Amino acid sequence: MRSFKGFQVRLVCAFKGGVPPVNLLVLKGGRTMSDGVLVKGKHVFVTVWTNHTRAFGSYDCVAKDAKGKRIKQRITLQRAGMLRFVGEIPLAR
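The shown structure was predicted, so the numbers you read here are calculated from the model rather than taken from an experiment.

Cut-offs applied
Residues numbered from 1 in each chain as written. Predicted model: local features only at pLDDT ≥ 70, side-chain atom pairs only at ≥ 80, totals over all residues. Heavy atoms only, no water. 1 Å grid on protein atoms, 1.4 Å probe; cavity = no way out; pocket = protein on both sides within 12 Å on 5 of 7 lines; lining within 4 Å. Points joined across faces, edges and corners; volume = space filled by probe spheres on them. Nonpolar A, V, L, I, M, F, W, Y, C, P; charged D, E, K, R; others polar. Salt bridge = Lys/Arg side-chain N within 4 Å of Asp/Glu carboxyl O. Helix = DSSP H or I, 4+ residues; strand = E, 2+ residues; numbered from the N terminus. Pairing = 2+ DSSP bridges.

S.K.: Help me out: how do you make sense of the layout of surface pockets in this one?
M.R.: Any empty space left between the atoms is revealed when a probe the size of a water molecule rolls over them. In this model, the largest pocket occupies a volume close to 260 Å³. Lining the largest pocket, in full, are K28, M33, D35, T47, V48, W49, N51, H52, R54, A55 and Y59. Residues belonging to the lining of the largest pocket are distributed by class as follows: five nonpolar, three polar and three charged.

S.K.: What is the right way to read the pattern of salt bridges from this model?
M.R.: Taken as a whole and judged by the stated rule, the model has one salt bridge. Among the ionic pairs, D60 bridges to R74, the shortest N-O distance being 2.7 Å. One end of the pair, D60, is in strand β7 (residues 57-64); the other, R74, is in strand β8 (residues 70-79), with 14 residues separating them in the sequence.

S.K.: Just to check I follow, could you spell out the pairing of β8 for this structure?
M.R.: Consecutive side chains along a regular strand alternate between the two faces of the sheet. Strand direction decides the pairing type here: strand β1 (residues 2-3) and β8, joined by two bridges, are parallel. Bridge pairing in β8 links R2 to Q78. The pairing of β7 with β8 spans eight bridges and is classified as antiparallel. Its bridge partner being in β8, Y59 is matched across the sheet by I75. Turn length for the β7-β8 hairpin, with the two strands adjacent in sequence and antiparallel, is five residues, and the turn residue G68 shows positive phi of about 90 degrees.

Below you can see the structure in the form of structure tokens.
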């Protein structure tokens, strides 16, 4: 997923199955997030403001059920914008 800097983005993770209760977490850089995280049933909604570059990167949604089964989904938020050059030389205008 891509977003420009300065926008509000909503990330969604959905899980099905599992033995209740199912515990849902969102991790960013190995740390549990609580701000902007809303859990409804087996869906996790994460609201992210892209005002800072640290908002971009990977977000892990983790579901763990009563039997200890664990499932992880990863969403990578990339910054959109001006030309991105990876190993290329930009052409002069």
